Amino acid sequence: MIAGKFADADLAGAMTNELFKIDDSADRRKILTALAQLREPALRNRTLAIALNEKINGREAQNFLWQALQDDHNRVASFDYVRKNFDGLKAKLPQQTLAQLMVASDRLCNNSERNDFVDFFLSSSEKMEGGPLIYKQALETMDLCIAARAGNDTNRKRVLVK
């Protein structure tokens, strides 16, 4: 997956072209995982649109977004993509997996990102299968992360002061 992380436009284009040519689901999953980890912002933003491409099925789109949301370098941009394209994703993704987008977003780890998550998912989670519980669990994970970071910052400052 390292190739995906550091791909240039040519390699990203070649991977995308190959993805659309092949039928083997394991190979498609590998390519989608690599594309979900692209770090160059312009390529990443263009590649996220693959989730709504008609050549990608809902299960593949779900896995692709999961991978992108779990990637430390792409999480915020991927969450922005999900928010901006939620209606299209709602129509494409398997309905029983829609709430999993909240699980994949649970690594948002600062107050601003948490607030964006709450603003976006608070009301829509009620309409998702398993949504209310998954929403609460994702918030708990975020809160623990935020608290841990705050604690680490406090400990780090104590060490630096000494």
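What counts and how
- Residues numbered from 1 in each chain as written.
- Predicted model: local features only at pLDDT ≥ 70, side-chain atom pairs only at ≥ 80, totals over all residues.
- Heavy atoms only, no water.
- Helix = DSSP H or I, 4+ residues; strand = E, 2+ residues; numbered from the N terminus.
- Expected span 1.5 Å × (residues − 1).
- Buried < 20%, exposed > 50% of the residue type's maximum accessible area, 1.4 Å probe, protein only.
- Polar contact = N/O pair within 3.5 Å; in protein donor to acceptor, adjacent residues only side chain to side chain.
- Disulfide = S-S within 2.5 Å.
- Contact = heavy atoms within 4.5 Å.
- Axes fitted to C-alpha atoms, helices over the stretch in contact; angles between N-to-C directions.
- Parallel < 35°, antiparallel > 145°, perpendicular 65-115°, else oblique.
- Left-handed = near helix turned anticlockwise from the far one by under 90°.
- Nonpolar A, V, L, I, M, F, W, Y, C, P; charged D, E, K, R; others polar.
- Core = buried A, V, L, I, M, F, W, Y, C linked by side-chain atoms within 4.5 Å.

### What about helix α3 (residues 25-36)?
An α-helix turns once per 3.6 residues; consequently, residues spaced three or four apart project the same way. Over its 12 residues, α3 extends 16 Å from the first C-alpha to the last, a length consistent with the 16 Å expected when each residue adds 1.5 Å. Of all the residues in α3, the buried ones are Arg28, Ile31, Leu32, Thr33, Ala34, Leu35 and Ala36. At the N-terminal end of α3, a side-chain oxygen is found 3.3 Å from the backbone nitrogen of alanine 26, two or three residues along, and the residue is aspartate 24.

### Examining the state of the cysteines
Under the criterion given, the structure shown has one disulfide. Here cysteine 109 engages in a disulfide with cysteine 145; their sulfurs sit 1.6 Å apart. In this structure the cystine formed by cysteine 109 and cysteine 145 twists about its S-S bond by roughly -105 degrees; its chirality is therefore left-handed. In this pair, cysteine 109 is assigned in the loop between α8 (100-104) and α9 (111-124) and cysteine 145 in helix α10 (residues 131-161), connecting sequence segments 36 residues apart. Taking the relative accessible area as the measure of exposure, cysteine 109 reaches 4% and is therefore buried. Residue classification places cysteine 145 among the partly exposed residues on the basis of a relative accessible area of 24%.

### Details of helix α6 (residues 75-84)
All of the buried residues along α6 are Arg75, Ala77, Ser78, Phe79, Tyr81 and Val82. Of the surrounding secondary structure, the elements contacted by the buried residues of α6 are α4 (41-48), α5 (58-70), α7 (86-92), α8 and α9.

### Focus: the packing of α6 against α9
Taken N-terminus to C-terminus, the directions of α6 and α9 make an angle of 20 degrees; their axes are 11 Å apart at the nearest point. Relative to α9, the element α6 is oriented roughly parallel. α9 is crossed by α6, and the crossing has left-handed handedness. Along the contact surface, α6 presents Val76, Phe79, Val82 and Arg83, while α9 presents Glu113, Asp116, Phe117, Phe120 and Phe121. Of the residues contributing to the contact of α6 with α9, the split by class is six nonpolar, no polar and three charged.

### Digging into the side chain of asparagine 74
Looking at where asparagine 74 falls in the secondary structure, it is placed in the loop between α5 and α6. Note on asparagine 74: relative accessible area 0%, which makes it buried. Setting aside anything within four residues of it in sequence, one finds asparagine 74 in contact with Ala36, Gln37, Leu38, Arg39, Arg44 and Ala68.

### Section: the nonpolar core
With 43 residues, the main nonpolar core has Phe64, Leu101, Phe117 and Phe121 as its most contacted residues. In this structure leucine 101 touches Gln62, Leu65, Leu69, Val82, Phe86, Leu93 and Phe121, once residues within four positions along its chain are discounted.

### Notes on the environment of leucine 133
Secondary-structure assignment places leucine 133 in helix α10. Once the C-alpha coordinates of leucine 133 and alanine 99 are considered, the two residues, 34 residues apart in sequence, prove to be 9.5 Å apart.

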